[in-house]
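Fold and contact review
Chain by chain, the residues run as shown.
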Amino acid sequence: MALTQRLEFRQSQSLVMTPQLMQAIKLLQLSNLDLTTFVEEELERNPLLERASDEPAGGEAPAEAAEFNDSDESGGSNADETGTGEAFEPGQEEWMSKDLGTRAEIEQTLDTGLDNVFSEEPAEAAARKAQDAAPSVYTEWGGGASGDEDYNLEAFVAAETTLSDHLAEQLAVAFSAPAQRMIGQYLIDLVDEAGYLPADLGQAAERLGASQQDVEEVLAVLQKFDPPGVCARNLSECLAIQLRELDRYDPAMQALVEHLDLLAKRDIAGLRKVCGVDDEDIADMIGEIRRLNPKPGMKFGTSRLQTMVPDVYVRPGPDGGWQVELNSDTLPRVLVNQTYYSELSKKIGKDGDKSYFTDALQNATWLVRALDQRARTILKVATEIVRQQDGFFTHGVAHLRPLNLKAVADAIQMHESTVSRVTANKYMATNRGTFELKYFFTASIASADGGEAHSAEAVRHHIKQLIDSEDPSAILSDDTIVERLRASGIDIARRTVAKYREAMRIPSSVQRRRDKQSALGNVLSTASSDRSRNTEPA
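Now for a quick tour of the structure. (Residues numbered from 1 in each chain as written. Predicted model: local features only at pLDDT ≥ 70, side-chain atom pairs only at ≥ 80, totals over all residues. Heavy atoms only, no water.)

1. Topic: the overall build of the protein chain
Test applied: Secondary structure is summarised from DSSP: a helix means a run of H or I of at least four residues, a strand means a run of E of at least two, and numbering begins at the N terminus for each. Throughout, exposure labels follow a simple rule: accessible area from a 1.4 Å probe, protein chains only, divided by the maximum for the residue type, with under 20% read as buried, over 50% as exposed, and the rest as partly exposed. Only the protein chains shown count as cover for residues, and all accessible areas are computed by the Shrake-Rupley method using a 1.4 Å probe.
Each helix and strand in the protein chain was counted, giving 25 helices and eight strands. Burial status across the protein chain gives 29% buried among its 538 residues. When the accessible surface of the protein chain is totalled, it reaches about 36,600 Å², and 50% of it is carbon and sulfur.

This is the structure we're talking about:
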């Protein structure tokens, strides 16, 4: 076979991911906070981008500002340099250039005296009095006036003390030996936000090159720090530390703390047997346990919660439908300064500078278009979700329909991946609360009679309603719930009911029976004690 050279033409199609396309895809899945940060970075990087504001254009000065412009600020007199200003009248120029003469001549001309007839002006007296008086408010000490536009109240808010800082301050006082301080600081760094240490501290001793006894001695001191219960390795130890602080850690209470599993199961009979006390004492002991703090570190340095801002508003329409609109506050508004680019293009002579500003113009134009396309896509997807889930907005979660990404994508003629990116980190404010867009996409559960499928979220809501309305004397098991759901037309398996119940953190039927009977017994005992107290003779 001979090797030859030849030219061939081939036609093919391929998807080319340009940087602009990749960033446009990235913009779709950004939340409003992340999008604001991205736009701020672009505004700092691109000189041709500017924020869109409601203020008048920079070339048109307000009437008040133009009226009070000084000649020094404009580079000289308008009448002399530009020729467009109004010239002084001859009488005015003559009056300004005229010598007024001596004080006697001025008094005779103006027919008045120039002496100050008031010994002290009211404004001067008030100013002198205010200067001599002590400041009455904090802002007068240099904090700034509250009426100032630049006044920032957050500048006076003290920083929150974290749990680590609070423990470190006590560590500096509790130990003087450098080795013990090093061990203590290492243990403090291991404390989580709830105030707990890892259960096994053997690795800490090995890493520090210290003995286990030295670590235990330092730990014993750390467990006496404020807040009580900090630096514990488990819940029992945390409660025991707090009870010792209250001088209530007797043998009966120790037995109760060591058997918290019985308390979680509401096994009061088992607790009475373990602790060796009667019903009244065990009730008092349980009340003391409930008053303790199981997470002592949570009151220090908690992270500040950010208010969730919805991207879309859904409001009832006048025709009985629903109006979907974007939240304009979450949409960054930027403009391309074409005037600035035109002026620069006339003055720039270097090829490198020209290419830089050309790229800046292209990037700015692309960003404006990408933001507009992002807003349109979000509105289109949200409108289709509202149309598909009209029953939810009208009647509630029980009428939530099963919905997937493909159904919405086919309806608006987009790809499923685009819909998935649009619904990520986006929220919708409705008449029934604020929900993430992902909330409206639920799996479908077949109908028992072959009718329309049911939404998984609606089935969860139905299960919760059944459990909330059950009689304490007839607790519903998972099998009973399955039978009632099938009677309602929902074909579901028992393991699915158990999975949904556990996801909603609802205990089993055995645990619910024990809890409700215990609560009912407490109510009856309280009622009987009140009745006996009322029947006592006065």
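Next, the rest of the story.
2. Regarding the pattern of salt bridges
Spelled out, the test is: Any carboxyl oxygen of Asp or Glu within 4 Å of a side-chain nitrogen of Lys or Arg constitutes a salt bridge here.
Overall, the coordinates contain 19 salt bridges when judged by the stated rule. When the shortest N-O distance is used, the salt bridge between Asp-491 and Arg-486 registers 3.8 Å. Among the residues examined, Arg-486 registers a relative accessible area of 44% and is labelled partly exposed. What emerges from the salt-bridge pattern is a single network uniting Arg-6, Glu-8 and Arg-10.

3. Section: the nonpolar core
Note the cut-off: Joining through side-chain atoms within 4.5 Å is the link that ties buried Ala, Val, Leu, Ile, Met, Phe, Trp, Tyr and Cys residues into a set, and such a set is a nonpolar core. Should any heavy atoms of two residues lie within 4.5 Å, those residues are counted as being in contact.
In terms of nonpolar packing, the biggest core is built from 24 residues, with Val-381, Phe-392, Phe-393, Val-408, Val-419, Met-428 and Phe-440 touching the most fellow members. Among the elements that take part in this core, helix 18 (residues 351-388) stands out by supplying five residues, more than any other. For Phe-393, the contacting residues outside a window of four places in its chain are Val-314, Trp-322, Ile-385, Val-386, Met-428, Thr-430, Asn-431, Arg-432 and Phe-440. In this structure, Leu-171, Val-191, Ala-205 and Val-218 belong to the second largest nonpolar core, which totals 21 residues.

4. Structural notes on helix 16 (residues 279-291)
Threshold: Here a helix's expected span is defined as the number of its residues, less one, multiplied by 1.5 Å.
Compared with the 18 Å implied by 1.5 Å per residue over 13 residues, the 19 Å span of helix 16 between its first and last C-alpha is a close match. Turning to helix 16, its buried residues number three or more, namely Ile-282, Met-285, Ile-286, Gly-287, Glu-288 and Ile-289. On its buried face, helix 16 sits against helix 12 (235-245), helix 13 (251-258), helix 14 (260-264) and helix 15 (268-275).

5. Observations concerning the sheet that holds strand 3 (residues 322-326)
Filter applied, for reference: By definition, two strands form a pair when at least two bridges between them are found by DSSP. An axis is simply a line fitted to the C-alpha atoms; with a helix, the fit covers only the stretch in contact. Between two such axes, the angle follows the N-to-C directions and lies from 0 to 180 degrees.
In spatial order, the strands read 3-2-5-6; together these four strands make up an open sheet with mixed pairing. Taken across any chain shown, the strands that pair with only one partner, and hence form the sheet edges, are strand 3 and strand 6 (433-436). Across the sheet, the mean angle from the axis of one strand to that of its neighbour is 20°, orientation sign disregarded. As defined by bridge partners, strand 5 (residues 427-430) adjoins strand 6 across four bridges and the pair is classed as antiparallel. Considered in strand 6, the bridge of Thr-430 is made with Gly-433. Helix 18 rests against strand 2 (312-316), strand 3 and strand 5 of the sheet, and its axis sits at about 160° to strand 3.

6. Describing the side chain of Glu-288
Rules: Under this definition, polar contacts are N or O atom pairs within 3.5 Å; protein pairs additionally need one hydrogen-donor-capable and one acceptor-capable atom, and for neighbouring residues in sequence, both atoms have to be side-chain atoms.
Tracing the backbone through its elements, the reader meets Glu-288 in helix 16. Here Arg-248 takes part through its side chain, which lies 2.9 Å from a polar atom of the side chain of Glu-288. When residues no more than four places from it in sequence are discounted, the contact partners of Glu-288 are Arg-248 and Met-253.

7. What about a negative patch on the surface?
Short version of the rule: Residues form patches when they are more than 30% accessible in relative terms and have no salt bridge. Like charges link within 9 Å. Nonpolar side chains (Val, Leu, Ile, Met, Phe, Trp, Tyr) link within 5 Å. Positive residues here are Lys and Arg, negative ones are Asp and Glu, while His and the chain termini are left out of the count. All charge positions are set by atom: Lys at NZ, Arg at CZ, Asp at CG, Glu at CD.
Side chains of Asp-278, Glu-280, Asp-281 and Asp-284 sit close together on the surface and give a patch of like negative charge. If you trace the backbone, Asp-281 turns up in helix 16. A relative accessible area of 35% places Asp-281 in the partly exposed class.

8. Comments concerning unusual backbone geometry
Each neighbour pair has its own omega, and for Asp-226 with Pro-227 the value is 5°, a cis peptide bond. With respect to the helices and strands, Pro-227 occurs in the loop between helix 11 (212-222) and helix 12. Look at Cys-231: it is not a glycine, yet its phi comes out positive at around 65°. With respect to the secondary-structure elements, Cys-231 resides in the loop between helix 11 and helix 12. The class of Cys-231 is buried, set by a relative accessible area of 0%. For Asn-425, which is not a glycine, the phi torsion comes out positive at approximately 60°. Looking at the element boundaries, Asn-425 is found in the loop between helix 21 (416-423) and strand 5.

9. Describing the packing of aromatic side chains
Threshold: Aromatic rings from Phe, Tyr and Trp, with only the six-membered ring used for Trp, were paired whenever their centres fell within 6.5 Å, and each pair was classed as stacked if the ring planes differed by under 30 degrees, edge-to-face if by over 60, and tilted otherwise. Sitting over a ring, as applied to charges here, requires NZ of Lys or CZ of Arg to be within 6 Å of the ring centre and within 35 degrees of the ring normal.
Counting across every chain of the model gives ten aromatic pairs. A ring pair is formed by Phe-435 and Tyr-439, whose centres lie 4.8 Å apart and whose planes are at 20°; its orientation type is stacked. A relative accessible area of 17% places Phe-435 in the buried class. Taking the centre distance of 5.6 Å and the plane angle of 80° together, the rings of Tyr-439 and Phe-440 count as edge-to-face. What makes Tyr-439 partly exposed here is its relative accessible area of 22%. Given a relative accessible area of 0%, Phe-440 falls into the buried group. Taken together through their ring pairs, the aromatic side chains of Trp-322, Phe-392, Phe-393, Phe-435, Tyr-439 and Phe-440 make up a single cluster. One residue, Arg-315, lies across the ring of Tyr-313, its end atom 4.8 Å from the ring centre. Lying across the ring of Tyr-500, Arg-460 places its NZ or CZ 4.6 Å from the centre.

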